[in-house]
Amino acid sequence: MPDSIPSFNEPRVAVIGGGPAGLMAAETIAAAGHKVALYDAMPSVGRKFLLAGVGGMNITHSEPHEKLLTRYSKSSAFLKPYLDNFSSQALCDWIHGLGINTFVGSSGRVFPTDMKAAPLLRAWLHRLRELDVEFYPRHRWVGWTDEGGLKLVEQKNNFIAEKIITADAVVLALGGASWQRLGSDGAWVNLLREKNIHVSNLLPSNCGFDVDWSDKFQSEFAGAPLQTVRLMATDSLGVKHSIRGEATIAKTGIEGTSVYALSAKLRDSILAKGFAELIVDLLPDLTTEKILAQLNKPRGKNSISNFLRKQLNLPAVKVALLRELTPMSIWQDNLQLANTLKNLSLKLKVFRPIDEAISTAGGIKANELTPLLMLKNIPGVYCAGEMLDWEAPTGGYLLTACFATGRVAGQGVINYLQRNTV
Ligand SMILES: Cc1cc2nc3c(=O)[nH]c(=O)nc-3n(C[C@H](O)[C@H](O)[C@H](O)COP(=O)(O)OP(=O)(O)OC[C@H]3O[C@@H](n4cnc5c(N)ncnc54)[C@H](O)[C@@H]3O)c2cc1C
């Protein structure tokens, strides 16, 4: 027999998913005086949030609000009210309120002073406990009963118990489907589709791409950074996008911050046409004319590779990449070589699996939700975070939108409970 958690006289809210979106919803609702129980499938909450803090927790961006909104491209209009309501500045004030200082890096990205997520999460969980939020780790939500109860499975070592709980309002904040070992696995997609809720397919966002490197190139350069490059891609509407920065040669292909920034365009082009072209400018600080002038200088006894290294300051990985992707005929013609150094073409046909991606595109379609993020088909059930249909590049934009939607879903629950108690 499934266990039942006793019902309370006061309105009771279940938040399912203890990532940044769910925790923010829980805080908002509990701060308004409602009883919140938070369930998470994992033994502890905030695992992806903690991982995000490993390489330096980039929590938001300091650029002007209107500029920040554009980072959500197709989803800017959908997210605008939520980001207006809880902006990057409001997010920074909230972080400071937890006793964590922030600083703005040279790129405009905002980080906690010690770059870590753990102190922030610790302070946050302390606040939530003070607000009487109850935590139920190792509780996986697996769907609804016919009567609308929430079915949960508690799993602890060899012990498995099925529980059915009722709640006056629910927030689902179950994340996307990347890095499944941290808890978010996208299993919720079918549960919502069974309820006739339109969920667009989950796809990798901020992801790498496969390139069939030769054994020699792969063994010598896998893991090597491609520093100071300009990457360019054309989207499905023919609009050109370019970004200056850094990429990394991976064993399987190419990845890194600048690749991630173009990954939505590249991915969509692969989905539409079967391939995408990534153009790499290996020398973004030199014009073709300047490069040609250098190439036309006497080479002496230097091999062409050595000459490129010395004359143009090209690191070994860039020379090897050029060799890997261009026929010998190009190397014999200085003008063609100069042009290729500025426009090295990489044909991409496959994006890396979603589990490896930083984030997830796709999710619950905006038209399935009320302005305060309640599912129109299931009154009293609100959704927030990466499970909604939006995507953004790295740079703090992902967490910013997760916090903002969590905040609004929490405010929606408060309104809903007030209406129901009137
Ligand atoms: C390596 C890496 C680095 C990142 N760095 C940054 C960064 O610097 N800046 C930034 O803005 N973003 C970063 N991100 C992205 C950011 O971490 C995510 O966008 C954010 O955590 C999503 O928040 P969320 O609350 O929507 O989902 P999640 O954080 O994924 O939380 C969802 C929670 O729901 C739980 N859950 C899922 N299904 C169930 C179920 N059926 N029952 C019960 N519980 C369930 C999961 O266990 C999980 O705890 C990074 C991501 C990765 C992978």
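> Help me out: how do you make sense of helix α4 (residues 76–85) in this one?
Each α-helix winds once per 3.6 residues, and so residues spaced three or four apart point in a common direction. Of all the residues in α4, the buried ones are Ser-76, Phe-78, Leu-79, Tyr-82 and Leu-83. Down the axis of α4, the smallest arc covering the buried residues is 140°, so these residues share one side.

> When you look at the side chain of Ser-75 in this model, what are you seeing that I'm missing?
In this fold, Ser-75 is placed in the loop between α3 (65–70) and α4. According to the relative accessible area criterion, Ser-75 is buried, its value standing at 10%.

> For this particular structure, what's the right way to read the sheet that holds strand β7 (residues 134–136)?
Taken in spatial order, the five strands make up an open sheet running β7-β3-β2-β11-β20, and their pairing is parallel. Two strands bound the open sheet, and with one partner strand each, they are β7 and β20 (381–383). Between one strand axis and the next, the sheet turns by 20° as a mean value, whatever way the strands run. Both strand β2 (residues 12–16) and strand β11 (residues 169–172) contribute to a ladder of four bridges, which runs parallel. Looking across to β11, one finds that Val-15 is bridged to Val-171. Along the sheet face, helix α1 (residues 20–31) touches β2, β3 (35–39), β7 and β11 and points at about 165° away from the line of β3.

> In this structure, what is going on with the nonpolar core? I would like to understand it.
Proteins that are soluble and globular tend to have nonpolar side chains buried together. Counting 88 residues, the largest nonpolar core has Trp-141, Leu-172, Leu-192 and Ile-364 as the members making the most contacts within it. Take this core: its biggest share by element is twelve residues, from helix α15 (residues 397–421). Leu-172 has contacts with Ile-16, Trp-141, Trp-144, Leu-192, Val-381, Tyr-382, Cys-383, Ala-384 and Met-387, leaving out every residue within four places of it along the chain. Membership of the second largest hydrophobic core comes to 45 residues, among which are Phe-217, Leu-278, Val-280 and Ala-357.

> I'm lost on the environment of Leu-83 in this one. Help?
Take Leu-83: it is sitting in helix α4. Considering only alpha carbons, one finds Leu-83 and Arg-407, 324 residues apart in sequence, at a separation of 9.8 Å. Look past the residues within four positions of Leu-83 in its chain and what remains in contact with it is His-65, Leu-68, Leu-69, Tyr-72, Thr-400, Ala-401 and Ala-404.

> Which parts of the structure should I look at to understand the pattern of salt bridges?
Note that side chains of opposite charge can pair when their charged atoms are close. Evaluated as defined, the whole model comprises 16 salt bridges. The partner of Arg-352 in a salt bridge is Asp-210, and the shortest N-O contact between them spans 2.7 Å. With Arg-352 in the loop between β18 (344–348) and β19 (359–364) and Asp-210 in strand β13 (residues 209–210), the pair connects residues that are 142 residues apart, well separated along the chain. Residue classification places Asp-210 among the partly exposed positions, given a relative accessible area of 24%. Across the salt bridge formed by Asp-268 and Arg-267, the nearest N and O atoms sit 3.0 Å from each other. On the basis of relative accessible area, Asp-268 is assigned to the partly exposed category, the value being 24%. A relative accessible area of 2% means that Arg-267 is categorised as buried. Salt bridges here are not isolated pairs; linked through shared partners, they connect Lys-74, Arg-267, Asp-268 and Glu-391.

Each value, and the rule that gives it
Residues numbered from 1 in each chain as written. Predicted model: local features only at pLDDT ≥ 70, side-chain atom pairs only at ≥ 80, totals over all residues. Heavy atoms only, no water. Buried < 20%, exposed > 50% of the residue type's maximum accessible area, 1.4 Å probe, protein only. Helix = DSSP H or I, 4+ residues; strand = E, 2+ residues; numbered from the N terminus. Arc of directions from axis to C-beta. Pairing = 2+ DSSP bridges. Axes fitted to C-alpha atoms, helices over the stretch in contact; angles between N-to-C directions. Contact = heavy atoms within 4.5 Å. Core = buried A, V, L, I, M, F, W, Y, C linked by side-chain atoms within 4.5 Å. Salt bridge = Lys/Arg side-chain N within 4 Å of Asp/Glu carboxyl O.

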